[in-house]
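# Report on the structure
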Amino acid sequence: MAKASLEQKQIFIIHGPNLNLLGSRDPAQYGTLTLDKVNTAIRKKARELNLETRIIQTNHEGRIIDLLHRRRKWADGFIINPGAFTHYSYAIRDAIEGIGKPVVEVHLSNIYEREDFRAISVTKEVCAAQFYGKKEDSYLEALEYLAKHLNTN
Ligand code: DQA
């Protein structure tokens, strides 16, 4: 087996705006799931896949862009839930395009079966993949995707 495939890959995970309110926010869409529970599930799956993770939540567009820029050397790949920025932030879209690392977009809810404005993702076309509609499992699918693709590159 090639040496590179044994290395622990590093994944930076960004939760965008309002995801800190999970647990009390719009239970019809997000249930009672809290961000802590999402992060616990992410860490467990990352251990199983031999991935190192860092996780941050921020409500600020510029901070998301700064994190993508600053962490691009540390990270082999990113997972991002841009929240509502998904639907209109060309600045985040351009940052994703510019960093030269694979970024996977995730959503807890099915953005294609909600209000019309949510069915548009301006970030999707520059992301390596998109997983949605499966609550915390959307993040776990993104981890599996990166584990598979980073180890074959
Ligand atoms: C979301 C979907 C977005 O439309 C919304 O603005 C969010 C959360 C999701 O995870 O389902 O904040 O990204």
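Residues numbered from 1 in each chain as written. Predicted model: local features only at pLDDT ≥ 70, side-chain atom pairs only at ≥ 80, totals over all residues. Heavy atoms only, no water.

## Digging into the site of the ligand
Here is the rule we go by: Residue proximity to a molecule or strand is established when one non-hydrogen atom of the residue lies within 4 Å of it. Under this definition, polar contacts are N or O atom pairs within 3.5 Å; protein pairs additionally need one hydrogen-donor-capable and one acceptor-capable atom, and for neighbouring residues in sequence, both atoms have to be side-chain atoms. Note on residue classes: Ala, Val, Leu, Ile, Met, Phe, Trp, Tyr, Cys and Pro are nonpolar, Asp, Glu, Lys and Arg are charged, and everything else, Gly too, is polar.
Close to the ligand lie 13 residues, the nearest being Asn 81, His 87, His 107, Leu 108 and Ser 109. A distance of 2.8 Å separates an oxygen atom of the ligand from a polar side-chain atom of Asn 81. A distance of 2.8 Å is found between an oxygen atom of the ligand and a side-chain nitrogen or oxygen belonging to Arg 118. In terms of residue class, the shell around the ligand is made up of 5 nonpolar, 5 polar and 3 charged.

## Some thoughts on the environment of Leu 68
To be explicit about the condition: Secondary structure elements are taken from DSSP: a helix is a run of H or I of four residues or more, a strand is a run of E of two residues or more, and numbering for both begins at the N terminus. By definition in these notes, contact holds between two residues if any of their heavy atoms fall within 4.5 Å.
Tracing the chain through its elements places Leu 68 in helix H3 (residues 61–70). Between the C-alpha atom of Leu 68 and that of Val 106, which follows or precedes it by 38 residues, the distance is 16 Å. Apart from the residues lying within four places of it in its own chain, the contact partners of Leu 68 are Ile 14, Phe 78, Ala 95, Ile 96 and Ile 99.

## Considering empty space enclosed by the protein
Short version of the rule: A pocket, in this scheme, is an open set of points on a 1 Å grid over the protein atoms alone with protein on both sides within 12 Å along at least 5 of 7 lines, while a cavity is a set where a 1.4 Å probe fits but cannot get out; residues line either one if an atom lies within 4 Å of a point. Grid points are joined across faces, edges and corners, and a volume is the space filled by probe spheres set on the points.
If you walk through the whole model with that rule in mind, you get 1 cavity of 30 Å³ or more. As a volume, the largest cavity reaches approximately 110 Å³. Considering the residues around the largest cavity, the lining is formed by 13 residues, among which Tyr 30, Asn 81, Gly 83, His 107 and Arg 114 are closest to the centre. Its residues assigned to classes, the lining of the largest cavity comprises 5 nonpolar, 5 polar and 3 charged.

## Things to note about the pattern of salt bridges
For clarity, the cut-off: The term salt bridge refers to a side-chain nitrogen of Lys or Arg lying within 4 Å of a carboxyl oxygen of Asp or Glu. Partly exposed residues are those whose accessible area sits between 20% and 50% of the maximum for their type, while under 20% is buried and over 50% is exposed, using a 1.4 Å probe and protein chains only.
Counting across every chain of the model gives 12 salt bridges. Of the charged contacts in the structure, one is a salt bridge between Asp 66 and Arg 70, with a shortest N-O distance of 4.0 Å. One end of the pair, Asp 66, and the other, Arg 70, are both in helix H3, 4 residues apart, so they sit about a helical turn from each other. The closest approach of N and O atoms between Asp 94 and Arg 93, which form a salt bridge, is 3.1 Å. Judged by relative accessible area, which is 46%, Asp 94 ranks as partly exposed. The class of Arg 93 is buried, set by a relative accessible area of 13%.

## So, the sheet that holds strand E1 (residues 9–15)
Rule in force here: Two strands make a pair as long as DSSP finds a minimum of two bridges between them. Working convention: axes come from line fits to C-alpha atoms, limited for helices to the stretch in contact. Angles between N-to-C directions cover 0 to 180 degrees.
Overall, parallel pairing links the 5 strands, which are arranged E2-E1-E3-E4-E5 in an open sheet. Looking at which strands have only one partner, the edges of the open sheet turn out to be strand E2 (51–57) and strand E5 (129–132). Averaged over all pairs of adjacent strands, the angle between strand axes in this sheet comes to 20°, irrespective of strand direction. Taken strand by strand, H3 contacts E1, E2 and strand E3 (77–81), and its axis lies near 175° from that of E1.

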